[in-house]
Structures are given as structure tokens and as C-alpha cells.
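# Architecture at a glance
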Amino acid sequence: MKIEIAKLPKTITVNSKYNDVMLGSSSKDEHGNYSGGQGGDQTGKEVYILNWYGKNWTSVLRPKDSALAERIATACEKGCSNDNIGYSQSTRNTLLA
């Protein structure tokens, strides 16, 4: 598997080529806290997909094989829409079955 590590510019502009990059993300549990919530996604908003945003990131990993990139994107979308996957720092290495 070949992965390209692309260095990012310090500033991402509105018309940047990175505007089509989507991220799978999570930030808080169903109570708005970082830990202590129930397993899974009670709100439908604990794990979600969002547009790229400027952070202190310096690189993005991109598979050179477009079929692999598509499989990764599909897995991310399925994970973010799976209500068995939620957010809690204290149980972040687990998955509700």
C-alpha cells in the first residue's frame, strides 16, 4: 500500500484544493463532556463528518491508489453514521457491539 504524505501550506484559503477534503471527527459525548457518556452515539452528533478546517496540521495522508482512497472514505462514512460508535475519552478504545 502506497501512501503519500503531502505537506500542507501554513494557510488554507477558501479556494484551496483542500476544500474538498472531508474529515471523520468526534469531540463530545451526549452530555457535551469529554468522558462519562454511554456507549454508542445517543445524539447522532457524537461522531460526524465535517469539511476540512484549518488546524495546526502540517500534513495529510493520501493513498496513491484511488480505489483504496474510495474504500477508506467509505469506511469513514460508515463509521461516522454507525450509532454503535460514540465519543468518550474513558472508553475511546472500545466499540459497542
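Everything below is about the structure printed above this text.
The structure contained in this document is the topic of the report that follows. In this text, all values refer to a predicted model and were calculated from it rather than measured experimentally. (Residues numbered from 1 in each chain as written. Predicted model: local features only at pLDDT ≥ 70, side-chain atom pairs only at ≥ 80, totals over all residues. Heavy atoms only, no water.)

## A word on the overall build of the protein chain
Short version of the rule: Helix and strand definitions follow DSSP, with helices as H or I runs of at least four residues and strands as E runs of at least two, each counted in order from the N terminus. Categorising residues by exposure relies on relative accessible area from a 1.4 Å probe, with only protein chains included: less than 20% of the type maximum marks a residue as buried, more than 50% marks it as exposed, and the intermediate range marks it as partly exposed. Whether two residues are in contact is decided by their heavy atoms, any of which lying within 4.5 Å being enough.
A tally of regular secondary structure across the protein chain gives 1 helix and 4 strands. Going from N to C terminus, the protein chain has its helices and strands arranged as β-β-β-β-α. Evaluated residue by residue, the protein chain yields a buried proportion of 23% over its 97 residues. Considering only contacts in the protein chain between residues 6 or more positions apart, those separated by 24 or more positions represent 69%.

## Some details on helix α1 (residues 66-80)
Quick reminder of the rule: What a helix should span is 1.5 Å times the count of its residues minus one. When we speak of the arc, we mean the arc of directions from the helix axis to the C-beta atoms. Polar contacts here mean pairs of N or O atoms no more than 3.5 Å apart (in protein, one a potential hydrogen donor and the other a potential acceptor; neighbouring residues in sequence count only if both atoms are side-chain atoms).
Taking 1.5 Å per residue, 15 residues should reach 21 Å; α1 reaches 21 Å between its end C-alpha atoms and fits that length. Looking at α1, one finds that the buried residues are Leu-68, Gly-79 and Cys-80. All buried residues of α1 project into a common sector of 105 degrees when viewed along the axis, lining one side. Facing away from the buried side of α1 by more than 90 degrees, the exposed set consists of Ser-66, Glu-70, Arg-71 and Lys-78. By the N-cap criterion, in which a side-chain oxygen at the helix start approaches the backbone nitrogen of a residue two or three places on, α1 is capped by Asp-65, the distance to Ala-67 being 2.9 Å.

## Some details on the layout of surface pockets
What counts here: Lining residues are those with an atom within 4 Å of a point, where the points come from a 1 Å grid over the protein atoms alone and group into cavities, where a 1.4 Å probe fits but cannot get out, or pockets, open sets with protein on both sides within 12 Å along at least five of seven lines. Grid points are joined across faces, edges and corners, and a volume is the space filled by probe spheres set on the points. Under the scheme applied here, ten amino acids are nonpolar (Ala, Val, Leu, Ile, Met, Phe, Trp, Tyr, Cys and Pro), four are charged (Asp, Glu, Lys and Arg), and all others, including Gly, are polar.
The computed volume of the second largest pocket comes to approximately 320 Å³. Of the residues assigned to the lining of the second largest pocket, the class counts are 5 nonpolar, 11 polar and 1 charged.

## Considering the side chain of Glu-46
The following threshold applies: Positive charges come from Lys and Arg alone, negative charges from Asp and Glu alone, with His and the N- and C-terminal ends not counted. Salt bridges are counted wherever a side-chain nitrogen of Lys or Arg sits within 4 Å of a carboxyl oxygen of Asp or Glu.
Mapped onto the elements, Glu-46 comes out in the loop between β2 (22-26) and β3 (47-51). An unpaired buried charge is present at Glu-46: no salt bridge exists, and Lys-45, the closest side chain of opposite charge, is 11 Å distant. Polar side-chain contacts of Glu-46 include one of 2.9 Å to the backbone nitrogen of Gln-42. Once residues lying within four places of it in the same chain are set aside, the contact partners of Glu-46 are Ser-25, Ser-26, Ser-27, Lys-28, Asp-29, Glu-30, Gly-40, Asp-41, Gly-86 and Tyr-87.

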